[in-house]
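Per-entry structural report
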Amino acid sequence: DQQVKQNSPSLSVQEGRISILNCDYTNSMFDYFLWYKKYPAEGPTFLISISSIKDKNEDGRFTVFLNKSAKHLSLHIVPSQPGDSAVYFCAASAWYGGSQGNLIFGKGTKLSVKP
Amino acid sequence: DAGVIQSPRHEVTEMGQEVTLRCKPISGHDYLFWYRQTMMRGLELLIYFNNNVPIDDSGMPEDRFSAKMPNASFSTLKIQPSEPRDSAVYFCASSLEGRAGTRLNQPQHFGDGTRLSIL
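The structure reproduced in this document is the subject of the present report. Owing to the predicted nature of the structure, the values given are computational and were not obtained by experimental measurement.

1. A few points about the sheet that holds strand β7 (residues 62-67) of chain A
All names here are of chain A. Spatial ordering of the open sheet is given by β1-β3-β8-β7-β6, a layout of 5 strands whose pairing is antiparallel. At either end of the open sheet lies a strand with only one pairing partner, and these are β1 (4-5) and β6 (56-59). Relative to strand β8 (residues 72-77), β7 runs antiparallel, the two being bridged by 6 bridges. Directly across from F65, in β8, lies its bridge partner S74.

So this is what it looks like as C-alpha cells:
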C-alpha cells in the first residue's frame, strides 16, 4: 500500500514552459515533504523541501506547493530547461517519538524538457 | 565537500557468492541509510543507523542481508548468499540530526549507488 503516490510516470514539456509534477500522500502524520531529482547512473539529489506549517516554498525556478486538506503537493519548474530532464521523486516523513522518521518515496516521474 | 561515497559502482557476481557494498557518509552526519531501488518497488529503505547504532532494520528483506557501521565514517551492507532477485541499485544516504525541539528536518544526501547484478 503506497503512502506516497506519483501517478504520472512521465511528463513531457517544451523548453521555457512550466513543468508541474504532482504527488499525493495518504498518511496524515506526514509533516515534512521533499523533492529529489535523479539523473541516470547518479543518486537522487535533494532539490527542495516544505514543512507542513507552510503551503509554499520557493527556490529560484522551483516552487513546491502543499495542500494539506487534499494531501497533495506539487513541484513547479518555471521556466523549464532541457537540463531539468530527469526523474523526480517526491518523499515524505513524519516525527515519531521525538525523532525524524523514515523517508517514504514515491516511484518517480520522468520529466523530459524538449528544446 | 565530498558527498556520500559508495563502492563499488558496479558489481556482477554469481548467485551464492557473498557481496559486500561499502559506504562513506558525509563527515559529521548523524544518520546513515541504506536503500534499494528496483523497477517494481521503487526506492525502499532497508536499514538506518543513528550515531553508528542500527535503529530500524525492518526493511531488510531476509537474514541473508546484514549491515554494519563500525565507525562514523564507514558502513557495509552484506548479502550472503546472494540470489538473482537481489539484483538492484543499492543507495547509501546520510543526513544530519533533525532537531526535535523545532521539528527541523534535514534532507538526506545520497551516494551514486552500486548497481548489483546477480547471475
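Read on for the rest.
2. Looking at the packing of aromatic side chains
Applying the stated rule across the entire model yields 14 aromatic pairs over all chains. Among the aromatic residues, ring-to-ring pairing joins Y36, F46, F89 and F105 of chain A together with Y31, F33, Y35, Y48, F91 and F110 of chain B into one connected group.

3. Regarding the pairing of strand β9 (residues 86-93) of chain A
Each regular strand carries side chains that alternate between the two faces of the sheet. Residues and elements named next belong to chain A. Extensive coverage of β9 is indicated by the burial of 7 of its 8 residues. Note: strand β4 (residues 32-38) against β9, 7 bridges, orientation antiparallel. Of the residues in β9, the one forming a bridge with K38 is V87. When β9 meets strand β13 (residues 109-114), the two strands line up antiparallel, connected through 3 bridges. When the bridges of β13 are listed, Y88 appears paired with T109. Sheet topology note: the β9/strand β12 (residues 104-105) ladder contains 2 bridges and is antiparallel. Counted as the bridge partner of A91 is F105 from β12.

4. A few points about the state of the cysteines
As used here, a disulfide is simply a covalent bond connecting the sulfur atoms of two cysteines. On inspection of all chains with the given rule, the structure shows 2 disulfides over all chains. Here C23 of chain A pairs with C90 of chain A through a disulfide, and the sulfurs are 2.0 Å apart. In this structure, the disulfide formed by C23 of chain A and C90 of chain A twists by about -75° around the S-S bond and is classed as left-handed. Residue C23 of chain A is found in strand β3 (residues 19-25), and its partner C90 of chain A is found in strand β9; the two are separated by 67 residues along the sequence. Taking relative accessible area as the criterion, C23 of chain A reaches 1% and is therefore assigned buried. Across the disulfide, C23 of chain B is cross-linked to C92 of chain B (sulfur-sulfur distance 1.9 Å). Across the S-S bond of C23 of chain B and C92 of chain B the torsion is about -65°, and the bridge reads as left-handed. In this pair, C23 of chain B sits in strand β3 (residues 19-24) while C92 of chain B sits in strand β9 (residues 88-95), placing the two residues 69 residues apart along the sequence. Take C23 of chain B and C92 of chain B: they sit in the same class, and that class is buried.

5. A closer look at the pattern of salt bridges
Should their charged atoms come close, side chains of opposite charge can pair. Residue and element names in this part refer to chain B. In total, this model carries 10 salt bridges over all chains according to the counting rule given. Its salt-bridge partner being R85, residue E62 comes within 2.8 Å of it at the nearest N-O pair. Taken as a pair, E62 in the loop between β6 (53-56) and β7 (65-71) and R85 in the loop between β8 (74-79) and β9 lie far apart in primary sequence, 23 residues in all. A relative accessible area of 27% places E62 in the partly exposed class. R64 is paired through a salt bridge with D86; the nearest N and O atoms lie 2.7 Å apart. Taken together, the residues R64 in the loop between β6 and β7 and D86 in the loop between β8 and β9 connect sequence positions 22 residues apart.

6. Some words on the pairing of β6 of chain B
Residue and element names in this part refer to chain B. As judged from the 3 bridges shared by strand β5 (residues 42-50) and β6, these two strands associate in the antiparallel manner. Residue pairing in the sheet places N50 in a bridge with V53 of β6. Counted between consecutive antiparallel strands, the loop separating β5 from β6 contains 2 residues, among which N51 sits at a positive phi close to 50°.

7. Here's the deal with the sheet that holds β8 of chain B
Residue and element names in this part refer to chain B. Read from one edge of the open sheet, 4 strands run β1-β3-β8-β7, paired in antiparallel fashion. Both edges of this open sheet fall to β1 (5-7) and β7, since each of them pairs with a single strand only. Within the sheet, the average angular offset between the axes of one strand and its neighbour, ignoring direction, is 15°. As paired elements, β1 and β3 share 3 bridges and run antiparallel to each other. Bridging across to β3, Q6 finds its partner in C23.

Rules used in this analysis
- Along each chain, residues carry numbers from 1 onward, in the same order as the chain's sequence is written.
- Whichever chain is written first becomes A and whichever ligand is written first becomes 1, with later ones labelled in order.
- Since the coordinates come from a predicted model, pLDDT governs what is reported: local features require at least 70, and pairs of side-chain atoms require 80 or more to be given and counted, while whole-chain, interface and lining totals use all residues.
- Values reported for side chains reflect all heavy atoms of the structure, with hydrogen atoms and water molecules removed beforehand.
- Here, a strand pair is defined by DSSP locating no fewer than two bridges between the strands.
- Under the scheme used here, helices are H or I runs from DSSP no shorter than 4 residues and strands are E runs no shorter than 2 residues, and both carry numbers assigned from the N terminus.
- The rule is short: rings of Phe, Tyr and Trp, with Trp giving its six-membered ring, pair when the centres are within 6.5 Å, and they are stacked under 30 degrees, edge-to-face over 60, tilted in between.
- Relative accessibility decides the category of a residue: with a 1.4 Å probe and only protein chains considered, values under 20% of the type maximum give buried, values over 50% give exposed, and everything between is partly exposed.
- When two cysteine sulfur atoms are found within 2.5 Å, that pair is recorded as a disulfide.
- Any Lys or Arg side-chain nitrogen found within 4 Å of a carboxyl oxygen on Asp or Glu counts as a salt bridge.
- Lines fitted to C-alpha atoms define the axes, with helix axes restricted to the stretch in contact, and inter-axis angles between N-to-C directions lie between 0 and 180 degrees.

What is shown is where atoms sit, not what they do.
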